[in-house]
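# Coordinate inspection notes
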Amino acid sequence: DQAHEQVIFLANMINDLATLSRAERTDVPLDITAVDPKELLESISNDYHTQAATKKLKLTFSAAKEVESINTAELYLREILQNFITNAIKYTKKGTVLLHVRSNKAGDAVFSVADTGIGLSKADQKRVFDKFFRSEDYRTRESSGTGLGLYVTSKLAHRLEAHIHLESQLNKGTTFTITVPSLALAKDHKKSQ
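Read on for a plain summary of the structure. (Residues numbered from 1 in each chain as written. Predicted model: local features only at pLDDT ≥ 70, side-chain atom pairs only at ≥ 80, totals over all residues. Heavy atoms only, no water.)

## A word on the packing of helix 3 (residues 74-90) against helix 6 (residues 149-159)
For the pair helix 3 and helix 6, the least separation of the axes is 9 Å and the interaxial angle reads 150 degrees. The orientation of helix 3 with respect to helix 6, classified from their angle, is roughly antiparallel. The crossing of helix 3 and helix 6 is left-handed. Taken together, the residues of helix 6 that come into contact with helix 3 (itself represented by Y76, E79, I80, N83, F84 and N87) are G149, L150, T153, L156, A157 and R159. (Axes fitted to C-alpha atoms, helices over the stretch in contact; angles between N-to-C directions. Helix = DSSP H or I, 4+ residues; strand = E, 2+ residues; numbered from the N terminus. Parallel < 35°, antiparallel > 145°, perpendicular 65-115°, else oblique. Left-handed = near helix turned anticlockwise from the far one by under 90°. Contact = heavy atoms within 4.5 Å.)

## Overview of the pattern of salt bridges
Two side chains with opposite charge may pair up if their charged atoms get near one another. Scanning the entire structure with this criterion turns up two salt bridges. We note a salt bridge from R78 to D47, for which the minimum N-O separation is 3.8 Å. Residue R78 is found in helix 3, and its partner D47 is found in helix 2 (residues 37-54); the two are separated by 31 residues along the sequence. Of the residues examined, R78 reaches a relative accessible area of 21% and is grouped as partly exposed. Note that E74 and R78 form a salt bridge whose closest N and O atoms lie 3.8 Å from each other. Of this pair, E74 and R78 both sit in helix 3, four residues apart, which is roughly one turn of that helix. The exposure class of E74 is partly exposed, given its relative accessible area of 30%. Among the ionic contacts, a cluster of salt bridges with common partners joins D47, E74 and R78. (Salt bridge = Lys/Arg side-chain N within 4 Å of Asp/Glu carboxyl O. Buried < 20%, exposed > 50% of the residue type's maximum accessible area, 1.4 Å probe, protein only.)

Right under this line is the structure:
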């Protein structure tokens, strides 16, 4: 059993390092396509229903009425959202994981992943995006992790010119919100400055 757990840990580490390598290669252009944020989040939500149900968690997806399409790298955005949802399920013992998407006034897609999990201390919130960071909270140590997931996520977000906001309270849950601009609009905006 221990050998099996270590093989899974190493496979996850290799996957995280490969993703990190891609995120840090700024010489490789992004594959930017039109993405429907509502469809993307709904698709990811469907992928995680079984995992949430196994832990007896309620996974809920919602979207604002008018959600605008954005031009972005769908692969990177999908990886970011999957990381948030995986963590939400992993660190929530009971309750809910809520997924929501809306558009802001600028036309950016605003995704949020909220859970009723163990939450993060103020000290951990400052370091959660650091490379190889793992919380000292014993409940975090109960599950395996490489300490690279949120670091990779922050690098991918940077490539997408997206901004991540974190709100958390110990024993009450965590909400990750990421605001993703339309990259074509961002480039047009830079040209006009």
